[in-house]
Amino acid sequence: SDQAGDLAEPQPLQCHVGGNTGAAACEFEGTVYRHPAGGLVLELEPAGAADGAVARVECGADAMRAMLAAAVERYSAAPTIAALADAVVQSVRDLVGYDRVMVYKFDPDGHGAIIAEARDPKLDSLLGHHYPATDIPQRARELYLRNRVRVLVDVDYEPVAIAPGGHDFDMSLCHLRSMSPLHLQYLRNMGVTATLVVSLVREGRLWGLIACHHYSPRQVGYSVRAACEMLAEVVSTRINAVENYAHAQGVILVRALEQRLIDATSTDGDWRRA
């Protein structure tokens, strides 16, 4: 449609397949975008749960609006990064219902720390845990910048090859792209079955992640993923505002101390005693 523009970015769609020859129609949701090398990339997922054993996260339009409005209000009122991160994990867990939701912040050297957590009381806390930069390779960090929401429904899924010519196909923007076997084993070692990861980007750089873990298979509908991405944009804007304000206050404090030192030196005549 005209509203889809040039399809440089994935655009949402809904469709149904079948139903004309006596077979039951299947409802799908997904995205479509134009691949840089040419052609369209279409990704489709069943609009309902594909397997009764897999829990599916959905939310009605009215409930979604109310939850998003409440979350944005909480974020806007948060005076510090710590308060903001606490608001984020609570509101995102309310929205997606994962067993554990964390805010994972990177330091200037790329190492990470969990600065906020909302979890099932039966789980041990990971709050305050630190992780080396090597846990998330640079290539993965680049993909987190390009594709802001990543979902793993079941760590024990069986990947399916793309044919023909799948080895030349850049899937960086695909939501259904398979994950690294090393990452999957990392999750299994932690006992995690399903994940939802949302990027927090400040001024074009990966500031941190909202990381959600679940201990049974869990599927997230497109509308909920889109809501998570929108919340992450709001959070990133608030992070920028809070950190810029803190930096400005630090500059003011340094200048005030500098002026006091100058005044005291002028009065005393000896900068050491001043």
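The structure under discussion appears in the preceding block.
Everything numeric in this text was worked out from a predicted model, so none of it was measured. Each chain has its residues counted from 1, running along the sequence as written. Given that the model is predicted, a residue must reach a pLDDT of at least 70 before its local features are reported, and side-chain atom pairs must reach 80 or more before they are shown or counted; all residues, however, enter totals for whole chains, interfaces and linings. Based on all heavy atoms of the structure, the side-chain values leave hydrogens and waters out of the count.

> Sorry, what's going on with the overall build of the protein here?
Put simply, DSSP marks the helices as runs of H or I at least four residues long and the strands as runs of E at least two long, and each gets a number from the N terminus on. Secondary structure summary: the protein contains 5 helices and 11 strands in total. Reported as C-alpha extents along the three principal axes, the dimensions of the protein are approximately 95 × 45 × 40 Å. Residue exposure (1.4 Å probe, protein chains only): buried if accessible area is under 20% of the type maximum, exposed if over 50%, otherwise partly exposed. Buried positions account for 38% of the 274 residues belonging to the protein. Any two residues whose heavy atoms approach within 4.5 Å are treated as being in contact. Considering only contacts within the protein whose residues lie at least 6 apart along the sequence, 60% involve residues at least 24 apart. The protein chains shown are the only cover counted for residues, whose accessible areas, like all others here, come from Shrake-Rupley with a 1.4 Å probe. As displayed, the protein has an accessible area near 15800 Å², and 56% of this comes from carbon and sulfur atoms. When charges are counted, Lys and Arg are positive and Asp and Glu negative, with His and the chain ends excluded. Charge positions come from single atoms, namely NZ of Lys, CZ of Arg, CG of Asp or CD of Glu. Charge separation in the protein, taken as the distance between the mean sites of 25 positive and 34 negative side-chain charges, equals 5 Å.

> For this particular structure, what's the right way to read the pattern of salt bridges?
Between side chains of opposite charge, a pair can form when the charged atoms approach closely. Think of a salt bridge as a Lys or Arg side-chain nitrogen and an Asp or Glu carboxyl oxygen that are within 4 Å of each other. Under the counting rule described, the total for this entry stands at 9 salt bridges. Put simply, Arg225 and Glu45 hold a salt bridge, and the shortest N to O gap is 2.9 Å. Taken together, the residues span a long stretch of sequence, with Arg225 in helix α5 (residues 222-268) and Glu45 in strand β3 (residues 40-46) at a distance of 180 residues. In this structure, Arg225 and Glu45 share a single accessibility class: buried. A salt bridge links Lys122 to Asp120; the nearest nitrogen and oxygen atoms lie 3.2 Å apart.

> Even after reading the chapter, I still don't get the sheet that holds strand β1 (residues 11-17), so can you show me in this structure?
The pairing of strands in a sheet comes from backbone hydrogen bonds and takes either a parallel or an antiparallel form. For two strands to be treated as a pair, DSSP must find no fewer than two bridges joining them. Read from one edge to the other, the open sheet built from 3 strands follows the order β1-β2-β3, with strand pairing classed as antiparallel. Only two strands of the sheet have a single partner each, and these edge strands are β1 and β3. Taking the axes of each pair of neighbouring strands and ignoring which way they run, one obtains an average angle of 30° across the sheet. Direction of pairing for β1 relative to strand β2 (residues 26-34): antiparallel, over a ladder of 7 bridges. Bridge pairing links Gln11 to Val32 in β2. Axes, fitted as lines to C-alpha atoms, cover a helix only where it is in contact. Angles between the N-to-C directions of the axes lie from 0 to 180 degrees.

> Please clarify how helix α3 (residues 138-146) should be interpreted in this entry.
Because each turn of an α-helix spans 3.6 residues, side chains separated by three or four positions end up pointing in the same direction. Listed in full, the buried residues belonging to α3 are Arg141, Leu143 and Tyr144. The buried side chains of α3 occupy one side of the element, clustering within an arc of 160° when seen end-on. Turning to α3, the residues buried within the fold contact β5 (100-106), β8 (149-152), β9 (194-202) and β10 (205-214). It is the directions from the helix axis to the C-beta atoms whose arc is reported.

> What is the right way to read the packing of aromatic side chains from this model?
For any two aromatic rings, the description comes down to two numbers: the centre-to-centre distance and the angle of the planes. Aromatic rings from Phe, Tyr and Trp, with only the six-membered ring used for Trp, were paired whenever their centres fell within 6.5 Å, and each pair was classed as stacked if the ring planes differed by under 30 degrees, edge-to-face if by over 60, and tilted otherwise. With the rule as written, the count across this model stands at 2 aromatic pairs. Measuring from ring centre to ring centre gives 5.3 Å for Tyr104 and Phe106, while their planes differ by 75°; the resulting arrangement is edge-to-face. Like Tyr104, the residue Phe106 is buried in the burial classification. With centroids separated by 5.8 Å and ring planes inclined at 35°, the aromatic side chains of Tyr104 and Tyr131 adopt a geometry described as tilted. Residue Tyr104 is located in strand β5, and its partner Tyr131 is located in strand β7 (residues 130-131); the two are separated by 27 residues in the primary sequence. Each residue in the set Tyr104, Phe106 and Tyr131 is aromatic and connected to the rest through ring pairs, giving one cluster. The residue whose ring lies beneath Arg141 is Phe106, and the NZ or CZ to ring-centre distance is 4.5 Å. Positioned above the aromatic ring of Tyr98 is the side chain of Arg218, whose terminal nitrogen or guanidinium carbon lies 5.6 Å from the ring centre. Each ring is checked for a lysine NZ or an arginine CZ that lies within 6 Å of its centre and within 35 degrees of its normal; such an atom marks a charge sitting over the ring.

> I keep staring at the environment of Met171 and nothing clicks. Help me out?
For Met171, the position within the fold is in the loop between β8 and α4 (181-190). Sequence-wise, Met171 and Ala71 are 100 residues apart; in three dimensions their C-alpha atoms are separated by 32 Å. Excluding residues that lie within four positions of it along the chain, Met171 makes contacts with Ile162 and Arg177.

> Looking at this structure, I do not really get the packing of helix α1 (residues 61-77) against helix α2 (residues 81-96). What am I missing?
If you want to describe how two helices pack, look at the angle between their axes and the distance between the axes. Interhelical geometry of α1 versus α2 gives an angle of 170° and a closest axis separation of 9 Å. If you check the angle between α1 and α2, you find them roughly antiparallel. Across from Met64, Met67, Ala71, Arg74 and Tyr75 in α1, the residues of α2 making contact are Leu84, Asp86, Ala87, Val88, Gln90, Ser91, Val92, Asp94 and Leu95. Here the nonpolar group is Ala, Val, Leu, Ile, Met, Phe, Trp, Tyr, Cys and Pro; Asp, Glu, Lys and Arg are the charged ones; every other residue, Gly included, is treated as polar. In terms of residue class, the contact of α1 with α2 is built from 9 nonpolar, 2 polar and 3 charged. Any angle between 65 and 115 degrees counts as roughly perpendicular, while under 35 counts as roughly parallel, over 145 as roughly antiparallel, and the rest as oblique.

> Please clarify how the sheet that holds β5 should be interpreted in this entry.
The strand order across the open sheet built from 6 strands is β7-β6-β5-β10-β9-β8, with neighbouring strands paired in antiparallel fashion. For this open sheet the edge positions go to β7 and β8, each flanked by a neighbour on one side alone. For β9 and β10, the ladder comprises 9 bridges, and the chain directions are antiparallel. Bridged to Ser199 within β10 is Leu209.

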